[in-house]
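# Observations on chain architecture
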Amino acid sequence: MTQDVGLLLEGCAAVRVPDPERTRQLRRRHLAVLLAGLAVTEPPLPGPPPAAGEFDWRWRRSE
């Protein structure tokens, strides 16, 4: 479950519009919706949580 936090933050970071204040509002709203969903325990979430380092591949330099 703790690995899911990175997934949530990646989703929030992807929210962007031209107005920085509106971007902030939308990111906070998106995070609130996602966190509310974490409180639901049934049915269980599909698939396993992200593995350590699974999301950082796009930030790594190509070799």
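So, here is what we can say about the structure in this document.

Rules of the game
Residues numbered from 1 in each chain as written. Predicted model: local features only at pLDDT ≥ 70, side-chain atom pairs only at ≥ 80, totals over all residues. Heavy atoms only, no water. Buried < 20%, exposed > 50% of the residue type's maximum accessible area, 1.4 Å probe, protein only. Helix = DSSP H or I, 4+ residues; strand = E, 2+ residues; numbered from the N terminus. Arc of directions from axis to C-beta. Contact = heavy atoms within 4.5 Å. Axes fitted to C-alpha atoms, helices over the stretch in contact; angles between N-to-C directions. Parallel < 35°, antiparallel > 145°, perpendicular 65-115°, else oblique. Left-handed = near helix turned anticlockwise from the far one by under 90°. Expected span 1.5 Å × (residues − 1). Polar contact = N/O pair within 3.5 Å; in protein donor to acceptor, adjacent residues only side chain to side chain. Salt bridge = Lys/Arg side-chain N within 4 Å of Asp/Glu carboxyl O.

## As for helix α1 (residues 4-14)
Of the positions making up α1, those classed as buried are Asp4, Leu8 and Cys12. Projected onto a plane normal to the axis of α1, the buried residues spread over an arc of 80° and lie on a single side. Structurally, α1 contributes buried residues whose contacts are with α2 (20-38).

## Regarding the environment of Val15
Mapping Val15 onto the fold places it in the loop between α1 and α2. Separated by 20 residues in the primary sequence, Val15 and Leu35 place their C-alpha atoms 16 Å from one another. Setting aside its immediate chain neighbours within four residues, Val15 contacts Thr23, Leu26, Arg27 and His30.

## Re the packing of α1 against α2
Closest axis-to-axis distance for the α1/α2 pair is 9 Å, and the angle between their directions is 155°. As far as their axial angle goes, α2 and α1 are roughly antiparallel. The interaxial crossing formed by α1 with α2 has right-handed handedness. Contacts between α1 and α2 involve Leu8, Gly11, Cys12 and Ala13 on the former and, on the latter, Arg27, His30, Leu31, Leu34, Leu35 and Leu38.

## Things to note about α2
Its 19 residues place the ends of α2 27 Å apart at the C-alpha level, agreeing with the 27 Å of an ideal helix rising 1.5 Å per residue. Between a side-chain oxygen at the N-terminus of α2 and the backbone nitrogen of Glu21 the separation is 3.2 Å; the capping residue is Asp19.

## A short note on the environment of Val17
With respect to the element layout, Val17 can be found in the loop between α1 and α2. Judged by its relative accessible area of 30%, Val17 is partly exposed. With residues near it in sequence (within four places) discarded, Val17 still touches Arg22, Thr23 and Leu26.

## Some points on the pattern of salt bridges
Counted under the stated rule, the structure contains 1 salt bridge. A salt bridge links Glu21 to Arg24, with the shortest nitrogen-to-oxygen separation between them at 2.8 Å. Of the two residues, Glu21 and Arg24 are both situated in helix α2; the distance of 3 residues between them amounts to about one turn of the helix.

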